[in-house]
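Each chain, written out:
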Amino acid sequence: MAQKTLTSTIVKKFIPARKSKSRKGENGIVLVVGGSYIYHGAPILSSIAALRSGTDLVYTSVPKINVASTRSVSPNLIVIPLVDQKLTRGAVNKLLGALPRNLDSATIGMGLAIQEKNSLLHLVKSLLDRDVRLSLDASALIPDVLPLLANKNVVVTPHAGEFKRLFGQSPPSSKNERVKLVEKNAKKFGITVLLKGSTDVISNGTTTYLYEKKIPAMTVGGTGDVLSGLVAGLLSKNRKPLESAAAATFINGLAGKVVQKKLGLHMTSMDLLSEIPLVMKPFDKIV
Ligand SMILES: NC(=O)C1=CN([C@@H]2O[C@H](COP(=O)(O)OP(=O)(O)OC[C@H]3O[C@@H](n4cnc5c(N)ncnc54)[C@H](O)[C@@H]3O)[C@@H](O)[C@H]2O)[C@@H](O)CC1
Ligand SMILES: Nc1ncnc2c1ncn2[C@@H]1O[C@H](COP(=O)(O)OP(=O)(O)O)[C@@H](O)[C@H]1O
Ligand SMILES: [Mg+2]
């Protein structure tokens, strides 16, 4: 299968136009589920990235111990408390009852502590049953979730360590072998796989995009959390998981390039957030 290198021309087609006459909610409603006692920042990074990708509303669900700190970060976030410190069946049932009716997409896993595996499976299945498009990251990347995902507009965003946990094989260092392994698993499970690294590999098993970034400053913690929010933000308007994942990784890299140029190897993932609007603006279309 031929791989294509991501370019602005390709990505421009993946970002839907906004109608002048649209109303609040028509340009994306996103749910972010993540965070834990130690990792409070991940869902915040993901949520702000989703908003900055150009969605209308982002609902951020975090354990109740994180609610006050999360709310204090930004009035733009609508925080839905998880009733337990970790993801439990009871917390998922309460969350499902509190969700907005017309949710378009969700991203789950960043910084999340999962008490019972079945609570994650129940959350994923319930959201897919409501035709919510998913971006699964970090703690949500466990093999048990794979059978739920086939051909359901789902993107998984593992780094190499999460890839091994999810698919049982470590991505090899040879680029061609890496691409083949990503394609094999994407096809086998009917999902879009975005394998993160110095070169991101994005494939749905039929089409594959590569994005070589040369932005080592992005190894700082949180840049994958930002990416998960960008994927969900784009998925909320473009149902095609491959296109949304490819556009998200390209935007994340563009922002990283600008920040590295400005700050060298001293960026934090927060710096990416302020660059997202500036790098995405040239892709805006209003009809
Ligand atoms: N401020 C925050 O709240 C932050 C929270 N974070 C959260 O921290 C949690 C743990 O994240 P980590 O990615 O550190 O997961 P882990 O530290 O649990 O890494 C999982 C496994 O993968 C291995 N691994 C990690 N990156 C790898 C790579 N590129 N190649 C090969 N092996 C690799 C690790 O050694 C480990 O064995 C995640 O839920 C993440 O979302 C991080 O994103 C950092 C920022
Ligand atoms: N050497 C590198 N050069 C450029 N980007 C990188 C490099 N290593 C990792 N990245 C990027 O950093 C992010 C890492 O994701 P992840 O490990 O999940 O981060 P975190 O969980 O800390 O948010 C991905 O977006 C990946 O593309
Ligand atoms: Mg991560």
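Reading the values: rules and limits
Residues numbered from 1 in each chain as written. Chains lettered and ligands numbered in written order. Predicted model: local features only at pLDDT ≥ 70, side-chain atom pairs only at ≥ 80, totals over all residues. Heavy atoms only, no water. UniProt positions renumbered as here; feature names shortened; annotations may be inferred. Helix = DSSP H or I, 4+ residues; strand = E, 2+ residues; numbered from the N terminus. Buried < 20%, exposed > 50% of the residue type's maximum accessible area, 1.4 Å probe, protein only. Salt bridge = Lys/Arg side-chain N within 4 Å of Asp/Glu carboxyl O. Core = buried A, V, L, I, M, F, W, Y, C linked by side-chain atoms within 4.5 Å. Contact = heavy atoms within 4.5 Å. Phe/Tyr/Trp six-rings, centres within 6.5 Å; stacked < 30°, edge-to-face > 60°. Axes fitted to C-alpha atoms, helices over the stretch in contact; angles between N-to-C directions. Left-handed = near helix turned anticlockwise from the far one by under 90°. Nonpolar A, V, L, I, M, F, W, Y, C, P; charged D, E, K, R; others polar. Near = heavy atom within 4 Å. Polar contact = N/O pair within 3.5 Å; in protein donor to acceptor, adjacent residues only side chain to side chain. Areas by Shrake-Rupley, 256 points an atom, 1.4 Å probe, with all protein chains shown as cover. 1 Å grid on protein atoms, 1.4 Å probe; cavity = no way out; pocket = protein on both sides within 12 Å on 5 of 7 lines; lining within 4 Å. Points joined across faces, edges and corners; volume = space filled by probe spheres on them.

In the nomenclature of an unreviewed UniProt entry, the protein is known as ADP-dependent (S)-NAD(P)H-hydrate dehydratase of Nitrosopumilus piranensis. According to the UniProt record, the Function (unreviewed entry) comment for the protein reads "Catalyzes the dehydration of the S-form of NAD(P)HX at the expense of ADP, which is converted to AMP. Together with NAD(P)HX epimerase, which catalyzes the epimerization of the S- and R-forms, the enzyme allows the repair of both epimers of NAD(P)HX, a damaged form of NAD(P)H that is a result of enzymatic or heat-dependent hydration." The heading Sequence similarities (unreviewed entry) in the UniProt record of the protein holds the text "Belongs to the NnrD/CARKD family."

### A word on the environment of R23
Note on placement: R23 falls in the loop between α1 (8–12) and β2 (29–33). Judged by its relative accessible area of 56%, R23 is exposed. With 235 residues separating them in the primary sequence, R23 and V258 have C-alpha atoms 32 Å apart.

### A few points about the pattern of salt bridges
Where charged atoms from two side chains of opposite charge approach closely, those side chains can pair. What the rule picks out here adds up to 10 salt bridges. Measuring nitrogen to oxygen at the nearest pair gives 3.9 Å for the salt bridge that ties R18 to D56. Taken together, the residues span a long stretch of sequence, with R18 in the loop between α1 and β2 and D56 in the loop between α2 (41–52) and β3 (57–63) at a distance of 38 residues. A relative accessible area of 33% means that R18 is categorised as partly exposed. In this structure, K213 and D200 form a salt bridge, with 2.8 Å as the shortest nitrogen-oxygen distance. On the criterion of sequence distance, the pair formed by K213 in the loop between β10 (208–212) and α8 (223–235) and D200 in strand β9 (residues 199–203) is long-range, its members being 13 residues apart. The exposure class of K213 is buried, given its relative accessible area of 7%. A relative accessible area of 3% places D200 in the buried class.

### Some points on the nonpolar core
Grouped burial of nonpolar side chains is what soluble globular proteins tend to show. Judged by nonpolar contacts, the single largest core of 51 residues is most densely connected at L6, I15, Y209, V226, I251 and I276. Per-element accounting of this core gives the leading share, nine residues, to helix α9 (residues 241–263). When residues no more than four places from it in sequence are discounted, the contact partners of I15 are L234, A247, I251, M280, F283 and K285. Listed in part, the 47 residues of the second largest apolar core include L120, L149, F167 and I191.

### Examining the packing of aromatic side chains
In total, this model carries five aromatic pairs according to the counting rule given. Between the aromatic rings of F14 and Y209, the centroid separation amounts to 5.8 Å while the plane-to-plane angle is 65°, which identifies the pairing as edge-to-face. With a gap of 195 residues between them, F14 in the loop between α1 and β2 and Y209 in strand β10 connect regions that are remote in the sequence. Given a relative accessible area of 6%, F14 falls into the buried group. Accessibility expressed as a relative area gives 7% for Y209, which makes it buried. Chaining the aromatic ring pairs together yields one cluster made of F163, F167 and F189.

### Let's talk about the packing of α9 against helix α10 (residues 269–280)
It is at 8 Å that the axes of α9 and α10 come closest, and there the two elements cross at 115°. Crossing handedness for the pair α9 and α10: right-handed. Residues I251, N252, L254, A255, G256, V258, V259, K262 and L263 of α9 form the contact with α10, whose own contacting residues are D271, L272, E275, I276, V279 and M280. Looking at the contact of α9 with α10 residue by residue, the classes come out as 10 nonpolar, two polar and three charged.

### Some details on the site of ligand 1
Around ligand 1 sit 14 residues in total, of which G41, A42, G111, H159 and D225 are the nearest. The contact in question runs from an oxygen atom of ligand 1 to an N or O atom on the side chain of H159, over 2.8 Å. In this structure, an oxygen atom belonging to ligand 1 sits 2.6 Å away from a side-chain N or O atom of D225. Here ligand 1 loses 49% of its free accessible area of 830 Å² to cover by the protein chains. For the shell around ligand 1, the secondary-structure elements that each account for two or more residues are α2 and α6 (160–167). Take the shell around ligand 1: its biggest share by element is three residues, from α6. In terms of residue class, the shell around ligand 1 is built from five nonpolar, seven polar and two charged.

### Structural notes on the UniProt feature "binding site: AMP" (unreviewed entry) in the protein
Per the UniProt record, "binding site: AMP" (unreviewed entry) is found at G224. For G224, the position within the fold is in helix α8. The exposure class of G224 is buried, given its relative accessible area of 19%. In contact with G224, other than residues within four places in its own chain, are D137 and K196.

### Quick look at the layout of surface pockets
By volume, the largest pocket is sized at about 640 Å³. Ranked by residues supplied to the lining of the largest pocket, first place goes to α8 with four residues. Here the residues of the lining of the largest pocket sort into 11 nonpolar, 15 polar and seven charged. What the second largest pocket holds in volume is close to 250 Å³. What lines the second largest pocket is a set of 15 residues, among which R18, S53, G54, K237 and D284 lie closest to the centre. Residues belonging to the lining of the second largest pocket are distributed by class as follows: six nonpolar, three polar and six charged.

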